Amino acid sequence: MFFGDGCGLPHGKMRWNLAGATSKSGWARNRREDSSNAARRKKRKSVYRMSAAGYTNSISDQADCARHMRAPYTTTTVYFRVDPHRPEPRPIELAGEAIRDGRLVAFPTETVYGLGADALDESAVEKIFRAKGRPATDPLIVHIADLSQLPDVAVSVSETAYRLFRRFAPGALTLVLNKREAVPEKLTSGMDTVAVRIPDHAVALALIKAAGRPIAAPSANRFSRPSPTTAQHVADDLKGRVDIILDGGGTAIGLESTILSLVGEAPQVLRPGGVSLEELRAILPDLRYQARYLTDDVAAPSPGSMLKHYAPRAAVILFRSDDDVAVWAAMRAFANDHDRVGVIALERDLRRFADLDVKIESLGVDLDAAATRLYSALRSLDSRGVEWILARAPDTAGVGLAIGDRLLRAAEGDVIDVAPQR
Ligand code: TXA
Ligand code: MG
């Protein structure tokens, strides 16, 4: 139950996360290992140092990031620990009341923690953007408790949508549908579509019911940082910017929901996630998926496709190859050539780095475990002070597609395609 006290940061000391202020350039760069890459990486390192400084600029640098956001929503953060399976009524009631009052509540879902507000209250929705430092062009997902709430936010809902919800809800599937007029434009970034999901988590469902209205919630991290899979991650990013944090422990899936648009010519996956393409194709054989990785100097034709996303402060380098021997050799060579290197890998592969001076985070025994641990491992290596994080790109089957997508964005497209050793 309640054991936290107020923990708002004094306004004068508020720190800014200059998301996007020091972005690196380029489309996903698929590079072959060659000697000139060493020089390029040195250059990249100095770019990174500049950006690391940018992350902790004081509030006097406001003008620099005014393009990205207005003054942040600041408040005193109150923290409640709740049972993830049978949440205690009192904190849920208080959190529901806070939502109805137009305040912000961070809460666990089965995917990642969300930063929630009343989806039908434009000024509450606005607070989410300000708290996260999120661009107004990136719309939010609306969370509902069950299908009876769907007509509150969407219109002309097709039989296909109902079929998908009946199969996958509650769960990690978000559907893009035609928006009901009552949904604020701010929430959908001016689009006439709205993204909706029913989370599979007792705390999230209890909160939506207690609030008595749909809850808009992006992942509860600062913009472009790794999504939070624990309440501590939320506090690390948003302390002083969220009114209540409901701590229901670690999240089960650890990656965000799959986003599936049903408003175009054919159903299209916009973001791979907790529900796999294979599962969806069993119901929708004509399902499309085309990965989109946009840099911020390109006008986005659709939201949520930025290349830089889910990024820790350290520079992530992704190694890709079908050849086991060659890929580990390349990663070891990189680790030997650089200082302050961290590695994330499955448990069975950690021994390949045991003799090197690197910091290691295990992703667990298989790809499901890796999904759950990925963001936590990235944040943990950041806090252990590494400058580089090396990872191997996984196979794209099942949840591997979503893991690879998040790693590529965390790496901002920095991929080394390792040639087979033959
Ligand atoms: O698992 C999840 O989906 C988590 C939990 C909290 O539910 N939420 C989440 O929200 O990941 P967020 O805001 O971090 O990502 C939502 C994505 C964004 O990329 C946004 O562009 C996209 O959904 N989106 C929202 N509305 C959309 C729309 N109408 N059309 C296309 N994309 C949309
Ligand atoms: Mg997010």
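Residues numbered from 1 in each chain as written. Chains lettered and ligands numbered in written order. Predicted model: local features only at pLDDT ≥ 70, side-chain atom pairs only at ≥ 80, totals over all residues.

Just to check I follow, could you spell out the overall build of the protein chain for this structure?
Looking only at helices and strands, the protein chain has 13 helices and 18 strands in total. Per-residue burial over the protein chain gives 48% buried out of 422 residues. For the protein chain, restricting intrachain contacts to residue pairs at least 6 apart in sequence, the fraction spanning at least 24 positions comes to 73%. (Helix = DSSP H or I, 4+ residues; strand = E, 2+ residues; numbered from the N terminus. Buried ≥ 20, exposed ≤ 12 C-beta atoms within 10 Å, placed from the backbone. Contact = placed C-beta atoms within 7 Å.)

Would you take a moment to explain the packing of helix α12 (residues 367-383) against helix α13 (residues 400-410) for this structure?
Packed helix pairs are specified by the crossing angle of their axes together with the interaxial distance, meaning the distance between the axes. At a closest axis distance of 9 Å, the pairing of α12 and α13 adopts a crossing angle of 20°. It follows from the interaxial angle that α12 and α13 lie roughly parallel. Relative to α13, the crossing made by α12 is left-handed. Contacts from Leu 367, Ala 370, Ala 371, Leu 374 and Leu 378 of α12 reach α13 at Gly 400, Ala 402, Ile 403, Arg 406 and Ala 410. A breakdown of the residues in the contact of α12 with α13 according to their chemical character gives eight nonpolar, one polar and one charged. (Axes fitted to C-alpha atoms, helices over the stretch in contact; angles between N-to-C directions. Parallel < 35°, antiparallel > 145°, perpendicular 65-115°, else oblique. Left-handed = near helix turned anticlockwise from the far one by under 90°. Nonpolar A, V, L, I, M, F, W, Y, C, P; charged D, E, K, R; others polar.)

How should I be thinking about helix α9 (residues 231-238) in this particular structure?
Two residues of an α-helix separated by three or four positions point the same way, owing to the 3.6 residues in each turn. Across the eight residues that make up α9, a large majority, six, are buried. Ala 231, His 233, Val 234, Ala 235, Asp 237 and Leu 238 are the residues of α9 that are buried. Just downstream of α9, Gly 240 is the residue with a positive phi angle, here 85°.

Is there a simple way to explain the environment of Leu 408 in this structure?
One can find Leu 408 in helix α13. As for Leu 408 and Lys 308, which are separated by 100 residues in sequence, their C-alpha atoms are 8.6 Å apart.

Would you mind showing me how to read unusual backbone geometry here?
The bulk of non-glycine residues show a negative phi, and the bulk of peptide bonds are trans. Of the consecutive residues Ala 169 and Pro 170, the connecting peptide bond is found in the cis state with omega at -5°. Although it is not a glycine, Ser 156 sits at a positive phi angle of roughly 50°. Note on Ser 156: 9 C-beta atoms within 10 Å, which makes it exposed. Phi at Ser 189 is positive, roughly 55°, even though this residue is not glycine.

Sorry, what's going on with the environment of Leu 115 here?
Locating Leu 115 in the fold gives a position in strand β4 (residues 114-118). Sequence spacing of Leu 115 and Ile 245 is 130 residues, and the spatial spacing of their C-alpha atoms is 8.8 Å. When near neighbours in sequence (up to four residues on either side) are disregarded, Leu 115 contacts Leu 104, Ala 106, Ile 128, Ala 131, Lys 132, Ala 217, Pro 218, Ala 220, Leu 238 and Val 242.

What am I meant to see in the environment of Thr 372 here?
With respect to the secondary-structure elements, Thr 372 resides in helix α12. Looking at Thr 372, the number of C-beta atoms within 10 Å reads 20, which means it is buried. Separated by 261 residues in the primary sequence, Thr 372 and Thr 111 place their C-alpha atoms 8.6 Å from one another. If sequence neighbours within four positions are ignored, Thr 372 has contacts with Ala 252, Ile 253 and Gly 254.

Explain the packing of helix α3 (residues 89-100) against helix α8 (residues 202-211) to me, please; I cannot follow it from the model alone.
At a minimum axis distance of 8 Å, the contact between α3 and α8 shows a crossing angle of 55°. Between α3 and α8, the angle is such that the two are oblique. Handedness of the α3/α8 crossing: right-handed. In this structure, α3 contributes Ile 92, Glu 93, Ala 95, Gly 96, Ile 99 and Arg 100 to the contact, and α8 contributes Ala 206, Leu 207, Ala 210 and Ala 211.

So what exactly am I meant to see when it comes to α12 here?
Along its 17 residues, α12 runs 24 Å from first to last C-alpha, staying within 8% of the 24 Å computed at 1.5 Å per residue. The axis of α12 is deflected most strongly, by about 50°, at Arg 373. When you tally the buried positions in α12, you get twelve out of 17 residues, the bulk of the element. The set of residues buried in α12 consists of Leu 367, Ala 370, Ala 371, Thr 372, Arg 373, Leu 374, Tyr 375, Ser 376, Ala 377, Leu 378, Arg 379 and Leu 381. The elements touched by buried residues of α12 are α9, β15 (341-345), β16 (359-362), β17 (388-392) and α13. Following α12 by one or two positions, Gly 385 adopts a phi angle in the positive range, close to 80°. (Expected span 1.5 Å × (residues − 1). Bend = angle between axes of the 7 residues up to and from the residue.)

Help me understand the nonpolar core in this model?
Across soluble globular proteins, nonpolar side chains show a tendency to be buried alongside one another. Counting 119 residues, the largest nonpolar core has Ala 106, Leu 207 and Leu 246 as the members making the most contacts within it. Beyond its immediate chain neighbours, meaning those up to four positions away, Leu 207 contacts Ile 92, Ala 95, Gly 96, Val 105, Phe 107, Gly 116, Ile 215 and Leu 246. (Core = buried A, V, L, I, M, F, W, Y, C linked by C-beta atoms within 7 Å.)

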